[in-house]
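In case you want the letters, here they are:
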Amino acid sequence: MISKVFRAIIMGPPGSGKGTISSRIVRDFKLNHLSSGDLLRAQVRSQTAAGLKAKEYIERGALVPDRLMVDLILDELKGLSSTDWLLDGFPRTVEQAKALADDVAVDTVINLDVPFDVIVSRLEGRWVHAASGRVYNLEWNPPKEQGKDDVTGEPLTQRDDDRPETVLARLKAYQEMTTPVTDFFREMNLLEQFTGTESDKIWPHVHKFLSSKLPPTG
């Protein structure tokens, strides 16, 4: 077992505000934010045995197998044995969750529960100016002239990923994949669920909960 410090996992569907909540946790509780994608890339860069195997799958455009992904993440976490962290993007399957729980003492799993219709509406209102990357939202940050970039006057576009049917399909796929994972952590009495429609309303509850586990520093 890796030695005991504070370890948290954060879960939530795309568009749930997970990035916003994670950044506030890092700010106020000084946890290290560990993205599974960043950890994977670090292992590939370091040319570890698992990293070299993963590179073969990545270069073929194939998914990295469950067991190999577990080896990659655990290899990276072993180098952080005295670090408080917030793990984001892993585990994604029950097999990964079981392997992680067998090797690491996880303190809590924060699950963001935002209604799908809220997420669809939020992303449906997002439009971008492709050339500059400027992002507008029709609800809280609309362009001065509908459908046009404020600076150049050029037309705004909607990413395919933000179209309602695409968002809903992605959310349903996420739910099917992760419900068994949240059930697993619930059975271990590790899951703490936060339900709401906005990050600003969810955050005070997350902050209060984490403050009962470790003292805030921000």
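The protein carries the name GTP:AMP phosphotransferase, mitochondrial in an unreviewed UniProt entry, which gives Patiria miniata as its organism. You can read under Function (unreviewed entry) in the UniProt record for the protein the words "Involved in maintaining the homeostasis of cellular nucleotides by catalyzing the interconversion of nucleoside phosphates. Has GTP:AMP phosphotransferase and ITP:AMP phosphotransferase activities." Here is the UniProt Catalytic activity (unreviewed entry) comment for the protein, exactly as written: "a ribonucleoside 5'-triphosphate + AMP = a ribonucleoside 5'-diphosphate + ADP".

Chemist: Describe the UniProt feature "domain: Adenylate kinase active site lid" (unreviewed entry) in the protein, with residues and values.
Modeler: UniProt's entry tags residues 126–161 with the feature "domain: Adenylate kinase active site lid" (unreviewed entry), counted in the numbering of this structure. Counted over residues 126–161, helix gives 0% and strand 22%. Its end C-alpha atoms are 10 Å apart.

Chemist: Would you mind going over helix 8 (residues 199–211) in detail, with residue names and values included?
Modeler: Compared with an ideal rise of 1.5 Å per residue, which puts 13 residues at 18 Å, helix 8 spans 18 Å between its outermost C-alpha atoms and is within 8% of the ideal. Of all the positions in helix 8, only Ser199, Ile202, Trp203, Val206, Phe209 and Leu210 are classed as buried. End-on view of helix 8: buried residues confined to an arc of 130°, all on one side of the axis. Opposite the packed face of helix 8, turned more than 90 degrees from it, sit the exposed residues Asp200, Lys201, His205 and Lys208. Residues of helix 8 that are buried sit in contact with helix 1 (18–29), strand 4 (108–113) and strand 7 (191–195).

Chemist: Outline the pairing of strand 5 (residues 126–129), supporting the account with residue identities and numerical values.
Modeler: Examined bridge by bridge, strand 5 and strand 6 (residues 134–137) share four bridges and lie antiparallel to one another. Paired with His129 across the bridge in strand 6 is Arg134.

Chemist: Lay out the packing of aromatic side chains with the relevant residues and their values.
Modeler: Under the definition given, this model contains two aromatic pairs. Residues Phe184 and Phe185 carry aromatic rings whose centres are separated by 5.4 Å and whose planes lie at 65° to one another, so their mutual orientation is edge-to-face. Both residues of the pair, Phe184 and Phe185, belong to the buried class. Above the ring of Tyr57, the side-chain terminus of Arg60 is found at 4.8 Å from the ring centroid.

Chemist: Can you explain the nonpolar core? Please cite residues and give values.
Modeler: One finds Ile9, Leu72, Leu77, Leu87, Leu100, Val109 and Phe185 to be the most contacted residues of the largest nonpolar core, which totals 32 residues. For this core, the secondary-structure elements that each account for two or more residues are strand 1 (7–11), helix 2 (36–45), helix 3 (49–59), helix 4 (66–78), strand 3 (85–88), helix 5 (94–103) and helix 7 (164–187). Sorting elements by how many residues they give to this core places helix 4 first, with seven residues. One finds Leu31, Val120, Leu171 and Phe209 within the second-largest nonpolar core, a separate group that totals 23 residues.

Definitions and cut-offs
- Residues numbered from 1 in each chain as written.
- Predicted model: local features only at pLDDT ≥ 70, side-chain atom pairs only at ≥ 80, totals over all residues.
- Heavy atoms only, no water.
- UniProt positions renumbered as here; feature names shortened; annotations may be inferred.
- Helix = DSSP H or I, 4+ residues; strand = E, 2+ residues; numbered from the N terminus.
- Expected span 1.5 Å × (residues − 1).
- Buried < 20%, exposed > 50% of the residue type's maximum accessible area, 1.4 Å probe, protein only.
- Arc of directions from axis to C-beta.
- Contact = heavy atoms within 4.5 Å.
- Pairing = 2+ DSSP bridges.
- Phe/Tyr/Trp six-rings, centres within 6.5 Å; stacked < 30°, edge-to-face > 60°.
- Lys NZ or Arg CZ within 6 Å of the ring centre and 35° of its normal.
- Core = buried A, V, L, I, M, F, W, Y, C linked by side-chain atoms within 4.5 Å.

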